[in-house]
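Here is how the chains run, residue by residue.
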Amino acid sequence: MTALLEVRGVSKSFGGLRAIDDCSFLVEEGSIAGLIGPNGSGKTTMFNVITGYERADAGSVLLGGQEVTNAPPGRIASLGIGRTFQLTRVFSRLTLMENLQVGRAGVPRARRGELYGEARCMDLLDFVGLADMARVPAGTLSYGQRKLVELAMVLAQDPRLVLLDEPAGGINPLLITQIGERIRELNQRGVTFLVVEHNMEFVMGLCDVVWVMERGTSIAHGEPEQVRNDPRVLDAYLGGALDEDGSESESEEAAR
Amino acid sequence: MKTARRVAIPLALVCAIGFPFVFSNPATTSIAFFTVLYVAAASAWNLFSGYSGYMALGNAVFYGSGAYFIANVTNHLNLSGGVGIFAWVPVAGLFAGVVAIPVGWLALRTRRHTFVVITIAIFFIFQLLAYNLQSVTNGSAGMQLPLPPWLAATYNDYFYFAALAAAVIAIAVSWAVRRSHFGLKLLAIRDDEDRARGLGVRTGRVKLAAFVLNGVLTGMCGAIYAYYLGSVYPPFAFEAIFDLTVALMAFLGGLGTVSGPVIGALLLEPFQQYLTQQFTAAGLSLILFGALFLIVIGFLPQGIVPSVEQLYQRVRSR
């Protein structure tokens, strides 16, 4: 397997705060990678740097070996990286169908018809279980449903790599299961994922590899079992052992 | 809804065309002229501000640019009054569109409140220029346009039909934009501009294109207005009330809808004309107008069209 996404020594400061400090990791093509770490360890900032919403002070981001550091968000999207947001960002006064079609601008002209036909958008909404709400304004949906809309919006662009920022945060267990199933299904079709999540059960059950961030840098990585028992992780990140069920108290806090 | 529209639109057009023949009193046709002119101007404003969510309060910049353009053209080419002058109206619109490029380029670097303030500031700069650029505007002495050789009884009708043509164009363009992917991008910018950018929408270009389109349509209105008045003076061409009026009309009717600004203008402009005729002194009409603005924002924040639509949906779903 080859690295689809590679982050090399990225740093990012806000004033005096080093949000990311010489952080490196990679995501292999066709895998589902997890990115975990305590609140404030720089996970979302890392997503923002990768997708061009923030500029890195140092280091580089490579997609399939190609340098994409600090490219604007629109260009990142057209190169095949899609992302969702921790606090969902749908277009609240547009219908679900319209929400999906906004992304039409971000794909090469030749593929627009193929990707953004009414039928394919409908299929995608069906895939996330919201087909019968295609003509409803997105603002009327629940938080969990909006997360699904975001997923469909990202999928519409047919990305190679999808970054999910807390896909299971703050939504009901039934939807969590559904989102997990959808991710696995897409992964089998060849989509690579990088998932930030506080719900340990979700991460451990879903990911092939887990990277651990602390204080802006990656401190460990490996298979879920390995990471779960890594003393550095237990010590630095969890400050103690995981609960019996694999979740930790922070997940509830993050869900709120 | 669709069949209702298929009947309503041709019917409205027939009524609009027939209006000056039925109500031929010049006092009435004058009000009708201004009403139709403001249908066009409010639709133009809504095309940019209503769709994109950027509240521009400086549309008089384009109105005035169109007015001064046609005054200059008719003076320099020594044109005599007549229907032929109207051929210059679209050109005046294009000129206002060219003015809109640097104005938009500058103003659209800002967002929200800052954008509103910048558009107001640019408006005052243009008003000041109109007073001081003697060679182009003749300053506060103003400029005269050629007098049309039409009889008083039908004088207003020519302008009425010119304004009606502008209104039809503005509505048609608004409708086409609303249905296009370009329009969808504008609406996406209104809801979450950064997210739209992240999805590959070139927000800068999209906003500027809509801003310029708004400038072209508004400039056409300004040119018709100047020809109707027969003269151009800085405070009439670059009028602060114009900035507010078009916005209020769109707010009242329903921001971001095609029919909203039309309905808003149809209701408000005759009202405003009536007020100015009744209370010429003391600017009482302005105070009443301001009070109305507050009432609309307070009680009908969505505007008439969306409110009625919701009511219709609720009744139907019962």
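Residues numbered from 1 in each chain as written. Chains lettered and ligands numbered in written order. Predicted model: local features only at pLDDT ≥ 70, side-chain atom pairs only at ≥ 80, totals over all residues.

Peer 1: So what about the overall build of chain A? Which residues, and what values?
Peer 2: Counting its secondary structure elements, chain A contains eleven helices and ten strands. Over its C-alpha atoms, taken along the principal directions, chain A stretches across nearly 50 × 40 × 40 Å. For chain A, the residues scored as buried account for 43% of the 256 residues in total. A fraction of 69% describes how many contacts in chain A between residues 6 or more apart in sequence connect residues 24 or more apart. (Helix = DSSP H or I, 4+ residues; strand = E, 2+ residues; numbered from the N terminus. Buried ≥ 20, exposed ≤ 12 C-beta atoms within 10 Å, placed from the backbone. Contact = placed C-beta atoms within 7 Å.)

Peer 1: An account of the packing of helix H5 (residues 118–127) of chain A against helix H6 (residues 143–156) of chain A is requested, with residue identities and associated values reported.
Peer 2: In a pair of packed helices, the angle between the axes and the distance between the axes together describe the arrangement. All names here are of chain A. Viewed as axis vectors pointing N to C, H5 and H6 meet at an angle of 140 degrees, and their least axial separation amounts to 9 Å. Comparing the axis directions of H5 and H6 gives the class oblique. Between H5 and H6 lies a crossing of right-handed hand. Residues Cys121, Leu124, Leu125 and Phe127 of H5 touch H6, and the partners they reach there are Ala152, Leu155 and Ala156. Its residues assigned to classes, the contact of H5 with H6 comprises seven nonpolar, no polar and no charged. (Axes fitted to C-alpha atoms, helices over the stretch in contact; angles between N-to-C directions. Parallel < 35°, antiparallel > 145°, perpendicular 65-115°, else oblique. Left-handed = near helix turned anticlockwise from the far one by under 90°. Nonpolar A, V, L, I, M, F, W, Y, C, P; charged D, E, K, R; others polar.)

Peer 1: Let's hear about the environment of threonine 276 of chain B: which residues, and what values?
Peer 2: Residue placement: threonine 276 of chain B occurs in helix H12 (residues 259–278). Between the C-alpha atoms of threonine 276 of chain B and leucine 286 of chain B, which are ten residues apart in sequence, the distance is 8.5 Å.

Peer 1: I'd like a description of the pairing of strand E3 (residues 32–36) of chain A, backed by residues and values.
Peer 2: Residue and element names in this part refer to chain A. Counting buried positions along E3 gives five out of five residues, so the element sits mostly inside the fold. Of the strand pairs in this sheet, E3 and strand E8 (residues 192–196) are connected by four bridges, and their pairing is parallel. When the bridges of E8 are listed, leucine 35 appears paired with valine 196. Here E3 pairs with strand E9 (residues 209–214) via four bridges, running parallel. Paired with isoleucine 36 across the two strands is valine 212, which belongs to E9. (Pairing = 2+ DSSP bridges.)

Peer 1: Would you mind going over the pairing of strand E2 (residues 17–28) of chain A in detail, with residue names and values included?
Peer 2: Regular strands place side chains that alternate from one sheet face to the opposite one. Sheet analysis places strand E1 (residues 3–14) of chain A next to E2 of chain A, joined by eight bridges and oriented antiparallel. Across the sheet, phenylalanine 14 of chain A pairs through a bridge with leucine 17 of chain A, a residue of E2 of chain A.

Peer 1: Give me the interface of chain B and chain A: which residues, what numbers.
Peer 2: Contacts between the two partners involve 15 residues from chain B, matched on the other side by 17 residues from chain A. Looking at side-chain class alone, the side of chain B that touches chain A contains six nonpolar, three polar and six charged residues.

Peer 1: Quick rundown of the packing of helix H2 (residues 26–52) of chain B against helix H7 (residues 155–179) of chain B? Include the residues and the values.
Peer 2: Residues and elements named next belong to chain B. Running from N to C, H2 and H7 cross one another at 20 degrees; their axes reach a closest spacing of 8 Å. Compared by their axis directions, H2 and H7 come out roughly parallel. The two elements H2 and H7 cross, and the hand of that crossing is left-handed. Per-class residue counts for the contact of H2 with H7 are 21 nonpolar, six polar and one charged.

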